[in-house]
Amino acid sequence: MVSSAFTIGDRLRTHATERPNDVLLVDAGNDRTLTYGEVYGRVRRLASALHELGVRKGDRVGAISVDNYRFAELLLATMSMGATIVPINPRAVRREVETFLAKSEARLLFADARSLENVHDIADVLGCIGAIVAFDPDSPLRPEPGGADFSYDALLAEAPNGHEWPDIEDSDILRLSFTSGTTGTPKGVLQSHLMLKRLAIQCSIDREFTRRTFHYNGSPLFHVSGFSHLLAAVAVGFRILLMPAFKPSELLDWLSDGGLTDVFLVPTMVSSLLTTPDIEGRDYSQVRSFGYGAAPMPPALLRRAMDVFGCDFLQLFGASECGSQTVLGWEEHRRAVAGEHWLLASIGKAAFDTEVRLCDDDMNDVPPGEIGEIVSRGDVNMSGYMDLPVETARVMIDGWFRSGDMARRDDDGYLYLMGRKKDLLIRGGENIYPIDIESVLFEFPGVREAAVVGYPDEHWGEIVMAYLVVDWPEDREEDLLAFCRTHLAPQKIPVRLAYLDTLPKTSTGKIDKVAIRSILHEDRKESS
């Protein structure tokens, strides 16, 4: 049957037919390279195997794994046959995994060796999962503890070749993505075929990808960023690098000697890269672009990265619910280097095929210079939150997505992120945005990570508390506070400082403010 909508599976077939020997996947963890022709053949057999196991259009298939070529094939196979993939963070705790699988009612579950033992018992308890498939060939099969029902490789080898794609409509839900939960309980984001197609196009246009691109994304495949770059590769016809985990020294080898042309990293990864001992003395001339996003990039950190790698930089800002909302492009970064340094603090302007506004609580536009909530609309918006009609109605207003992120717009139309609405501190009735303070803290030599939260105070309501990761040979706290007094208004100067070996982060590298507030809560309990 011919689909009424042009699908990702159709695009994969086109590349496999026209350029079968071009490389799509380079799996560093398994030392495996797969061409478009090979991936297409394997995806068709995998779709046949899924069909034999009872998976039909609209059924949900769970997957929990680090990045590898088998996981990428499963993502493409489920999309191509109209099933809904439910990718789960492999670092999720048992309670989270059980919740995600129960809510999604997944019929099958694919898991890597690290995750198998945990999901084995969960599948037996839930009852909705018909079978567990092990990604890794050496994983035990049942009845051994932690075993699986099928091996991925054996399932693929025994499957017939020639599964035909079903009819897929743009409104069909092809991915159920659970949010990272940095501001509360994770929600199931329903992502349609139209959203995913447009996300691939948006990513490709904003990043200016070509068939000569060789790309690495530090965000894993289960996350919307890593997933969107896989789709962009299939849409355009380039190759991507898969690594089971972000390793700075290994990535430097690919950037200097491995032919890698483009990367996307979150700021904490950039910071780790820049502190890798062997970063100096390498030739990075093959690198065309550095994309970054998912969290604010301190301008001081960005300037260091631009000096080291000497290539074009681009920032993407968005969310699982809406793709990219804004882009700070190559040209703005070049202008910043030439003297317009303030642009490095901006998140840019509206991304391709997206309209962006700044609104007050009543969805009225705020004037330039005032702070408002980022709202956006376009074909990359989600279809809603699974089984949460009230929450969906709260954030989706007449086609506009309310992000919960606060920003201001300058007279030239550039947006400047002020932080999450829920992260706002209120000191004596005055609004304070942590990002203003964090940016200054990052400017001080030796501060590697910084996160600002509100500390309860009987008089002010809240005062500023900063959690820091520092690299100081001796105590420089007084120097830091003097620096803050020079660059911050009095009410924004941290009153309390705490030091950690590392700040808690989500699986995608974002600093986890929920976890930091939990640390604050426990510290207050111990001191009371």
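Residues numbered from 1 in each chain as written. Predicted model: local features only at pLDDT ≥ 70, side-chain atom pairs only at ≥ 80, totals over all residues. Heavy atoms only, no water.

### Things to note about the overall build of the protein chain
Quick note on the threshold: Under the DSSP-based scheme used, a helix requires at least four consecutive residues in state H or I and a strand at least two consecutive residues in state E, with every element numbered from the N terminus. We take the radius of gyration over the C-alpha atoms and set the globule estimate at 2.2 Å times the residue count to the 0.38 power. For each residue, the accessible area found with a 1.4 Å probe, counting protein chains only, is set against the maximum for its type, and the residue is called buried under 20%, exposed over 50%, and partly exposed in between.
Of the regular secondary structure elements, the protein chain holds 16 helices and 27 strands. The C-alpha radius of gyration computed for the protein chain amounts to 23 Å, which stays within 12% of the reference 24 Å derived for 528 residues, consistent with globular compactness. Taking the principal axes of its C-alpha atoms as reference, the protein chain extends roughly 70 × 50 × 50 Å. When the 528 residues of the protein chain are sorted by exposure, 57% land in the buried category.

### Thoughts on the sheet that holds strand E27 (residues 496-499)
The condition is simple: Two strands are counted as paired when DSSP detects at least two bridges linking them. Note on method: axes are straight lines fitted to C-alpha atoms, helices fitted across the in-contact stretch only, with angles between N-to-C directions ranging 0 to 180 degrees.
Taken in spatial order, the three strands of this open sheet run E25-E26-E27, and their pairing is mixed. Every other strand in the sheet has two partners, leaving strand E25 (447-457) and E27 as the edge strands with one partner each. Each strand of the sheet is rotated relative to its neighbour by a mean of 25°, with strand direction disregarded. As paired strands, strand E26 (residues 461-470) and E27 are joined by four bridges and run parallel to one another. Among the inter-strand pairings, Met465 is bridged to a residue of E27, identified as Arg496.

### What to know about the nonpolar core
Let me state the cut-off plainly: In these notes, a set of buried Ala, Val, Leu, Ile, Met, Phe, Trp, Tyr and Cys residues joined through side-chain atoms within 4.5 Å is what counts as a nonpolar core.
Core analysis: the largest hydrophobic core is formed by 56 residues, its most contacted members being Leu12, Leu25, Leu50 and Phe110. Membership of the second largest hydrophobic core comes to 35 residues, among which are Leu241, Val287, Met297 and Ala305.

### Overview of the pairing of strand E9 (residues 188-192)
Counting buried positions over the five residues of E9 gives five, a clear majority of the element. Burial along E9 is two-sided: Gly188, Leu190 and Ser192 and Val189 and Gln191, pointing in opposite directions, are all buried. The pairing of E9 with strand E19 (residues 384-385) spans two bridges and is classified as antiparallel. Note on E19: the bridge partner recorded for Leu190 is Gly384.

### Concerning helix H8 (residues 224-236)
For the record, the criterion: Take the residue count of a helix, subtract one, and multiply by 1.5 Å to get its expected span.
End to end, H8 covers 18 Å across 13 residues, agreeing with the expected 18 Å (1.5 Å per residue, within 8%). Judged by how many residues are buried, H8 sits mostly within the fold: 12 of 13 residues are covered. Here H8 has its buried residues at Val224, Ser225, Gly226, Phe227, Ser228, His229, Leu230, Leu231, Ala232, Ala233, Val234 and Val236. One or two positions beyond H8, positive phi appears at Gly237, with a value near 110°.

### Quick notes on the sheet that holds strand E15 (residues 323-328)
Inclusion rule: Two residues form a contact once any of their heavy atoms are found within 4.5 Å.
Spatial ordering of the open sheet is given by E2-E1-E11-E10-E12-E13-E14-E15-E16, a layout of nine strands whose pairing is mixed. Here the strands that pair on one side only, and so sit at the sheet edges, are strand E2 (32-35) and strand E16 (349-350). The pairing of strand E1 (residues 23-27) with strand E11 (residues 239-242) spans three bridges and is parallel. Among the inter-strand pairings, Val26 is bridged to a residue of E11, identified as Leu241. Each of strand E13 (289-293), strand E14 (312-319) and E15 is contacted by helix H12 (residues 330-337), which is oriented at about 125° to E14, the strand it contacts most.

### Quick look at the packing of aromatic side chains
Basically, it comes down to this: Ring geometry is summarised as follows: Phe, Tyr and Trp rings, the Trp one being its six-membered ring, pair when their centres sit within 6.5 Å, and such pairs are stacked at plane angles under 30 degrees, edge-to-face over 60 and tilted between the two.
This structure, assessed with the given rule, holds 13 aromatic pairs. Ring centres of Phe135 and Tyr152 lie 5.6 Å apart, and the angle between their planes is 45°; this geometry places the pair in the tilted category. Of this pair, Phe135 sits in the loop between strand E6 (131-134) and strand E7 (150-151) while Tyr152 sits in helix H6 (residues 152-158), placing them 17 residues apart in sequence. Classification of Phe135 by relative accessible area gives buried; the value is 1%. Centre to centre, the rings of Trp472 and Tyr499 are 6.0 Å apart; their planes meet at 65°, and the pair counts as edge-to-face.

### Some details on a nonpolar patch on the surface
Note the threshold: Excluding any residue in a salt bridge, patches collect residues exceeding 30% relative accessible area, merging like charges within 9 Å and nonpolar Val, Leu, Ile, Met, Phe, Trp and Tyr side chains within 5 Å. For every accessible area listed, the method is Shrake-Rupley and the probe measures 1.4 Å; residues are considered covered only by the protein chains on display. Definition used for salt bridges: Asp or Glu carboxyl oxygen within 4 Å of a side-chain nitrogen of Lys or Arg.
Nonpolar side chains collect at one region of the surface, where Ile201, Ile205 and Phe352 lie side by side and expose about 220 Å² of accessible area between them. Considering the arrangement of structural elements, one finds Phe352 in the loop between E16 and strand E17 (355-359). Residue Phe352 is classed as partly exposed on the basis of its relative accessible area of 30%.

### Topic: helix H7 (residues 193-207)
Here H7 spans 21 Å end to end across 15 residues, near enough to the 21 Å set by a 1.5 Å rise per residue. Of all 15 residues that make up H7, 11 are buried, and the element is covered over most of its length. When we look at burial in H7, the residues that qualify are His193, Met195, Leu196, Lys197, Leu199, Ala200, Gln202, Cys203, Ser204, Asp206 and Arg207. At the exit of H7 stands Glu208, carrying a positive phi of roughly 60°.

### A short note on the pairing of E13
Operational definition: Classification remark: right-handed applies to a crossover when, strands pointing away from the viewer, the course from the first strand over the helix to the second runs clockwise.
Burial within E13 is extensive, with five of its five residues counted as buried. In this structure, strand E12 (residues 262-265) lies alongside E13, joined through four bridges in parallel fashion. Paired with Val263 across the two strands is Phe290, which belongs to E13. Traced from E12 through helix H10 (residues 267-274) to E13, the parallel crossover comes out right-handed. Summarising the sheet, E13 and E14 pair through five bridges and their orientation is parallel.

### Overview of the packing of helix H4 (residues 94-104) against helix H5 (residues 113-126)
Note the following rule: Should an angle fall under 35 degrees it is taken as roughly parallel, and over 145 as roughly antiparallel, whereas 65 to 115 is taken as roughly perpendicular and any remaining angle as oblique. Each crossing is labelled by how the near helix is turned from the far one, with a counterclockwise turn of less than a right angle marking it left-handed and a clockwise turn marking it right-handed. Note on residue categories: nonpolar means Ala, Val, Leu, Ile, Met, Phe, Trp, Tyr, Cys or Pro, charged means Asp, Glu, Lys or Arg, and polar means any other residue, Gly included.
In the contact formed by H4 and H5, the axes pass within 10 Å of each other and the chain directions differ by 40°. With respect to their mutual orientation, H4 and H5 come out oblique. In the packing of H4 onto H5, the handedness of the crossing is right-handed. Packed against H4, whose contacting residues are Arg94, Val97, Glu98, Leu101 and Ala102, the element H5 presents Asn118, Val119, Asp121, Ile122, Val125 and Leu126 at the interface. Here the contact of H4 with H5 is composed, by residue class, of seven nonpolar, one polar and three charged.

Any functional reading would require information beyond the geometric quantities listed.
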